[in-house]
Amino acid sequence: MKTIIQKVNPEYFEDSELEAASRILQTGGLVAFPTETVYGLGGNALLPRAAQRIYAAKGRPSDNPLIVHIAEMDHLFDLAEEVSDKALALAETFWPGPLTMIFPKKESVPASTTGGLRTVAVRMPNHPIAAALIRQSGVYIAAPSANLSGRPSPTKAEHVIEDLEGRIELILDGGRTGIGIESTIVDMSGDMPVILRPGFYTKIMLEGVIGRVSVDPAVLLTEPKEDITAKAPGMKYRHYAPKGQLTVVEGDMERVVAKINALTEEHQSRQEKAVVIATEESRQFYISEHVYSIGSRKTEGSIAAGLYDILRLMDHIGAEFIYIESFSEDTLGSAIMNRLLKAAGYHRIQV
Ligand code: TXA
Ligand code: MG
């Protein structure tokens, strides 16, 4: 299949620029598009055939449900059987935005979209191209992140091209996505709201609106445990992982630097390519020839925004061993650490 790659300026575009993409969605085809978090791989959420194609294009297990993207509040009631007052309050506060909520699903949502579950995940993205595409096509867009299963989510059209060219009809290139890690997922289908995946909106921000929110125990794991399975099926798979062995090194900066430098020497003596992912604050202290800065600790947002890009870069430069510093668990830090530990297969060293 020949994939059309179409540039669209998110700050200024005409309806006509989304015509081809809309037609593809209406007829059951697949379009990758930017959102404020990561690029999505979109198909018509109400067509079982489209969902099956999404799973095939990503190489994704079909028990891993898709998020349905909407552009108006009214759309929610076409998909969700029951919407609690708390869910409405969250929607009013955080939509459009990087928040996904899980609801009991309406009959009309096919089982293939929800991975066989009786619940459906819904999100209203805050990105002009995503919103316009949903409105113009008149399609509720089922979209997982637009990467091959297991790879880091795409934050640039180049990442989508790398993974999905030849597998889907069209890629809308709207430049870099702003946030860079996927939406916060909250299960609103039971009595107690439960965070299934941390993201830009934190527990504290959600609790500020609706009171107590709990966190799925699988999210808090710092090592895999046989008896704890993630409630979001996608969170149980190895994910975001570069080909080289990624290790998170935790502790005071001085000790972390010393440990990574000692490991670098060992790798060098074995002719192995060891790479350090540092921060602006620490980069100058590493002895490795291969040091990349992910950004400043003062702006956690920029670290989240650049994380997947740098993990993909590790494959391009053939990194065999990758060491990265850890990040504090407050605000965005918990989402960053959640993704990093998964990417590292929970490989970490405490010093
Ligand atoms: O920011 C985002 O959420 C991006 C953009 C494209 O919107 N999408 C995204 O989709 O990250 P995906 O498919 O890569 O991740 C969706 C996660 C998976 O872990 C999946 O298992 C979970 O949401 N999920 C979807 N429906 C669910 C449901 N009904 N119950 C529990 N978890 C669900
Ligand atoms: Mg994903």
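Residues numbered from 1 in each chain as written. Chains lettered and ligands numbered in written order. Predicted model: local features only at pLDDT ≥ 70, side-chain atom pairs only at ≥ 80, totals over all residues. Heavy atoms only, no water.

Chemist: Explain the overall build of the chain to me, and be specific about the residues and the numbers.
Modeler: On a plain count of helices and strands, the chain comes out with 10 helices and 16 strands. Expected size for 351 residues packed as a compact globule is a radius of gyration near 20 Å; at 20 Å, the chain falls within 12% of this value. If you line up the chain on its principal axes, its C-alpha atoms span 60 × 50 × 35 Å. In the chain, which comprises 351 residues, the share counted as buried stands at 57%. (Helix = DSSP H or I, 4+ residues; strand = E, 2+ residues; numbered from the N terminus. Rg over C-alpha atoms; globule rule 2.2 N^0.38 Å. Buried < 20%, exposed > 50% of the residue type's maximum accessible area, 1.4 Å probe, protein only.)

Chemist: I'd like to hear about the side chain of Ser296, residue by residue, with values.
Modeler: Mapped onto the elements of the fold, Ser296 is located in the loop between strand S14 (291-293) and helix H9 (300-316). Exposure remark for Ser296: the relative accessible area of 16% places this residue in the buried category. Within the local environment of Ser296, its side chain forms a polar contact with the backbone nitrogen of Lys298, the two atoms lying 3.0 Å apart. If sequence neighbours within four positions are ignored, Ser296 has contacts with Glu280, Glu281, Ser302 and Ile303. (Polar contact = N/O pair within 3.5 Å; in protein donor to acceptor, adjacent residues only side chain to side chain. Contact = heavy atoms within 4.5 Å.)

Chemist: Tell me about the side chain of Glu36, and please be specific about residues and values.
Modeler: You can see Glu36 is positioned in the loop between strand S2 (31-33) and strand S3 (40-44). You can call Glu36 buried: its relative accessible area is 8%. A polar side-chain atom of Glu36 sits 2.9 Å from a polar atom in the side chain of Arg123. If sequence neighbours within four positions are ignored, Glu36 has contacts with Gly97, Pro98, Arg123, Pro125, Asn126, His127, Thr177, Gly178, Ile179 and Gly180.

Chemist: Which residues make up helix H10 (residues 332-343), and what values go with them?
Modeler: Taking 1.5 Å of rise per residue, the 12 residues of H10 would be expected to cover 16 Å, and the 17 Å separating its terminal C-alpha atoms lies within 8% of that figure. The buried fraction of H10 amounts to 11 of the 12 residues, a majority that puts the element mostly inside the structure. Among the residues of H10, those classed as buried are Leu332, Gly333, Ala335, Ile336, Met337, Asn338, Arg339, Leu340, Leu341, Lys342 and Ala343. Looking at the buried positions of H10, the neighbouring elements they touch are strand S10 (194-197), strand S12 (245-250), H9, strand S15 (321-325) and strand S16 (348-350). (Expected span 1.5 Å × (residues − 1).)

Chemist: Can you explain the site of ligand 1? Please cite residues and give values.
Modeler: The immediate surroundings of ligand 1 are formed by 29 residues, with Thr37, Asn64, His69, Ser183 and Gly234 found nearest. Thr37 places a polar side-chain atom, nitrogen or oxygen, 2.7 Å from an oxygen atom of ligand 1. In this structure, Arg197 approaches ligand 1 through a side-chain N or O atom, which is 2.9 Å from an oxygen atom. Within the complex, 97% of the 690 Å² of free accessible area of ligand 1 lies under protein. A total of 4 residues in the shell around ligand 1 trace back to one element, the largest contributor, which is strand S6 (residues 119-123). Counted by class, the shell around ligand 1 contains 16 nonpolar, 8 polar and 5 charged residues. (Near = heavy atom within 4 Å. Areas by Shrake-Rupley, 256 points an atom, 1.4 Å probe, with all protein chains shown as cover. Nonpolar A, V, L, I, M, F, W, Y, C, P; charged D, E, K, R; others polar.)

Chemist: With reference to specific residues and values, describe the domain arrangement of the chain.
Modeler: When the parts of a complex come together, some accessible area is lost, and that lost area is often taken as the interface size. Per the domain assignment, the segments of the chain are domain 1 (4-220) and domain 2 (245-350). If you average the C-alpha positions of domain 1 and of domain 2, the two centres end up 29 Å apart. Between domain 1 and domain 2, the residue contacts involve 24 residues of the former and 17 residues of the latter. Buried surface at the junction of domain 1 and domain 2, both sides included, amounts to about 1,500 Å², of which 50% is carbon and sulfur. A per-residue breakdown of the area domain 1 buries against domain 2 is headed by Pro152, Ile181 and Pro198, which together make up 32% of the total. Where domain 1 touches domain 2, the interface holds 5 salt bridges. (Domains from an automatic or database assignment. Buried area = accessible area lost by both parts, 1.4 Å probe. Salt bridge = Lys/Arg side-chain N within 4 Å of Asp/Glu carboxyl O.)

Chemist: Outline the environment of Ile4, listing residues and values.
Modeler: Tracing the backbone through its elements, the reader meets Ile4 in strand S1 (residues 4-7). As for Ile4 and Gly166, which are separated by 162 residues in sequence, their C-alpha atoms are 9.1 Å apart. Once you skip the residues sitting within four places of it in the chain, Ile4 turns out to touch Glu169, Leu170 and Ile171.

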